[in-house]
Amino acid sequence: MNKHSNIMQRTSNPQLSTIAKGEGVYLIDKQNNRYLDACGGAAVSCLGHSNQRVKQAIIDQINAVPYAHTSFFTNDSQELLAEHLIAHSEGDFSQVYFVSGGSEAVETSLKLARQYFLEKGKTDKKYFIARKQSYHGNTLGALAIGGNLWRRKPFDPLLAEGHHISACYEYREQRESETNFEYGQRIANELETMILDLGEENVAAFVAETVVGATAGALTPPEGYFKRIREICDQYDVLLILDEVMCGMGRTGTLHACEQEGVQGDLQTIAKGIAAGYQALGAVLISKKIVDAIDNGTGFFQHGHTYIGHPTGCAAGYATQLEIQEQNLLDNVKRQGSNLKKALKESFDTDALVSEHIGDIRGRGLFLGVELVADKASKQPFDPALKLHKHIKKKAMENLLMVYPMGGTLDGVNGDHILIAPPFIIDEENVAQIAERLNKAVREAILSVK
């Protein structure tokens, strides 16, 4: 453990172990503890930690040229990756804008949406609508549209006004009298109501995670929800921005999570799994109508970052995407995702103490959430003062397991959940280890707060 560091960490005096190396699905610290990575850090490390193809691609690019500013040159790596992404996306995406991560991708999409309407002469379109309990990034623009109250609160005076409708939270908000489809239509129609309240001439875009990630733990959309959202956006000339920074690039079993919804956004943000953590990379997929509006208008996107189209980052991204495709890893995501959900349920069900506090197991592919409750019948959450999620993380690490627990699941204050997002390369043995170790960590954490 580091007793003193000049690094400003996420929390003061965190006493973190020092990472030494990675091998497959394991991360190994300097004390030679082998941690099974069941969360990919933050759903990032989809190829594990020692993929030779990606490492070699980075080396080859650095040996050729590590960096060249995109105001002077394009580069083969970004051209190849962009071509690959467009070829493997559905709908009418025609161009890609590469950035360094998810927050930058969201900021870029917001500016693209605003500029699109400026190019079209609709200068009043300035409002963005998102959902409660959403998370779109930590930069000020992304934070402003996000619905994560805990992250927003300290910076509220700095944020642009955001507007929010209900989250897709079937476990807590679907009425007993509703089918899943009826529930989805009801909450989707909240978007139409808010557009009309704000004035359709004023609303630029609706922003949503296709499957909600860190804030609420793998909340999946109800049947037909996004098709209705798409209809509403089209009716009122509102852009649909799908945030797939965490849930995209194969995490839910298809390359893009929206493929399972039968819709396409006008803009789509991707990151994390695009380069599997081997380099910092994110991107925005841009529909043809937005590209055409700029090309036929000012011809200039009023935006930019130093590291857009970074050759080494894009080389890692291209190698990552080829590896996912050629190794048929999405098939493994579907197979092991199903196995993992089943293994978690079976493990929890065999432990009476743990089982009485498992409220919901949800998600798709290798993107799963477990919500914990103090009382299963009433769905009453644990007292937030107990900080159960922090105890779970600590106990999981003691059991050599990395998971991603969070608090504030319900409203930014109440509720605890665990996000599970292991590498796409896990096997049946890893699935069994995750279920066994997580059950043990949850049991120990619950006992420590009772």
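Everything in this summary refers to the structure shown in the same document. Remember, it's a predicted structure, so these values are computed and weren't measured experimentally.

**Focus on the overall build of the protein**
Broken down by element type, the protein carries 15 helices and 15 strands. Computed over its C-alpha atoms, the radius of gyration of the protein comes to 22 Å, within 12% of the 22 Å expected for a compact globule of 450 residues. In terms of overall dimensions, the protein has C-alpha extents of about 65 × 60 × 45 Å along its principal axes. Sorting the 450 residues of the protein into buried and exposed places 57% on the buried side. Sequence-distant contacts in the protein: of pairs separated by 6 or more residues, those separated by 24 or more amount to 72%. When the accessible surface of the protein is split by element, carbon and sulfur atoms take 50% of a total near 19500 Å². Positive and negative charge centroids in the protein, built from 46 and 56 side chains respectively, lie 6 Å apart.

**Some details on the packing of helix α2 (residues 52–64) against helix α11 (residues 311–326)**
With their axes 8 Å apart at the nearest point, α2 and α11 run at an angle of 150° to one another. Our classification of the angle between α2 and α11 gives roughly antiparallel. Relative to α11, α2 is oriented so that their crossing is right-handed. Seen from α2, the contacting residues are R53, V54, A57, I58, Q61 and I62; seen from α11, they are P311, T312, A315, A316, A319, T320, L322, E323 and E326.

**What to know about the side chain of S166**
With respect to the helices, strands and loops of the structure, S166 is situated in the loop between β6 (163–165) and α7 (170–173). Beyond its immediate chain neighbours, meaning those up to four positions away, S166 contacts R131, K132, E173, I187 and E190.

**Considerations on the pattern of salt bridges**
This model, assessed by the stated rule, comprises 22 salt bridges. Here R228 and E192 are joined by a salt bridge, their closest N and O atoms 3.4 Å apart. Pair noted here: R228 is in helix α9 (residues 225–235) and E192 is in helix α8 (residues 180–198), with a separation of 36 residues, a long-range link. There is no split in this pair, since R228 and E192 are both buried. A salt bridge links K289 to D266, with the nearest nitrogen and oxygen atoms 3.4 Å apart. In this pair, K289 sits in helix α10 (residues 288–295) while D266 sits in the loop between β8 (239–244) and β9 (267–270), placing the two residues 23 residues apart along the sequence. Classification of K289 by relative accessible area gives partly exposed; the value is 33%. The exposure class of D266 is buried, given its relative accessible area of 6%. What you see here is one network of salt bridges that share partners, running through R172, D360, R362 and E371.

**Side note on the pairing of strand β5 (residues 127–131)**
The element β5 is largely enclosed, with a buried count of four among its five residues. The pairing of β5 with strand β7 (residues 203–209) spans three bridges and is parallel. Its bridge partner being in β7, F128 is matched across the sheet by A205. The pairing of β5 with β6 spans three bridges and is parallel. Following the sheet pairing, A130 is matched in β6 by H164.

**With respect to the sheet that holds β8**
Two modes of strand pairing occur in sheets, parallel and antiparallel, and in both the strands are linked by backbone hydrogen bonds. The seven strands lie next to each other as β4-β10-β9-β8-β7-β5-β6, forming an open sheet whose pairing is mixed. Each of the sheet's edge strands pairs with one partner strand only, and the pair in question is β4 (93–99) and β6. Across the sheet, the axes of successive neighbouring strands diverge by a mean angle of 20°, strand direction being ignored. Two strands pair when backbone bridges link them, and β9 and strand β10 (residues 282–287) are joined in this way by four bridges, in the antiparallel orientation. Counterpart to Q268 in the pairing with β10 is L285. Against the sheet, α10 touches β4, β8, β9 and β10, its axis set at about 80° to β10.

Calculation rules
- Residues numbered from 1 in each chain as written.
- Predicted model: local features only at pLDDT ≥ 70, side-chain atom pairs only at ≥ 80, totals over all residues.
- Heavy atoms only, no water.
- Helix = DSSP H or I, 4+ residues; strand = E, 2+ residues; numbered from the N terminus.
- Rg over C-alpha atoms; globule rule 2.2 N^0.38 Å.
- Buried < 20%, exposed > 50% of the residue type's maximum accessible area, 1.4 Å probe, protein only.
- Contact = heavy atoms within 4.5 Å.
- Areas by Shrake-Rupley, 256 points an atom, 1.4 Å probe, with all protein chains shown as cover.
- Lys, Arg positive; Asp, Glu negative; His and termini not counted.
- Charge placed at Lys NZ, Arg CZ, Asp CG, Glu CD.
- Axes fitted to C-alpha atoms, helices over the stretch in contact; angles between N-to-C directions.
- Parallel < 35°, antiparallel > 145°, perpendicular 65-115°, else oblique.
- Left-handed = near helix turned anticlockwise from the far one by under 90°.
- Salt bridge = Lys/Arg side-chain N within 4 Å of Asp/Glu carboxyl O.
- Pairing = 2+ DSSP bridges.

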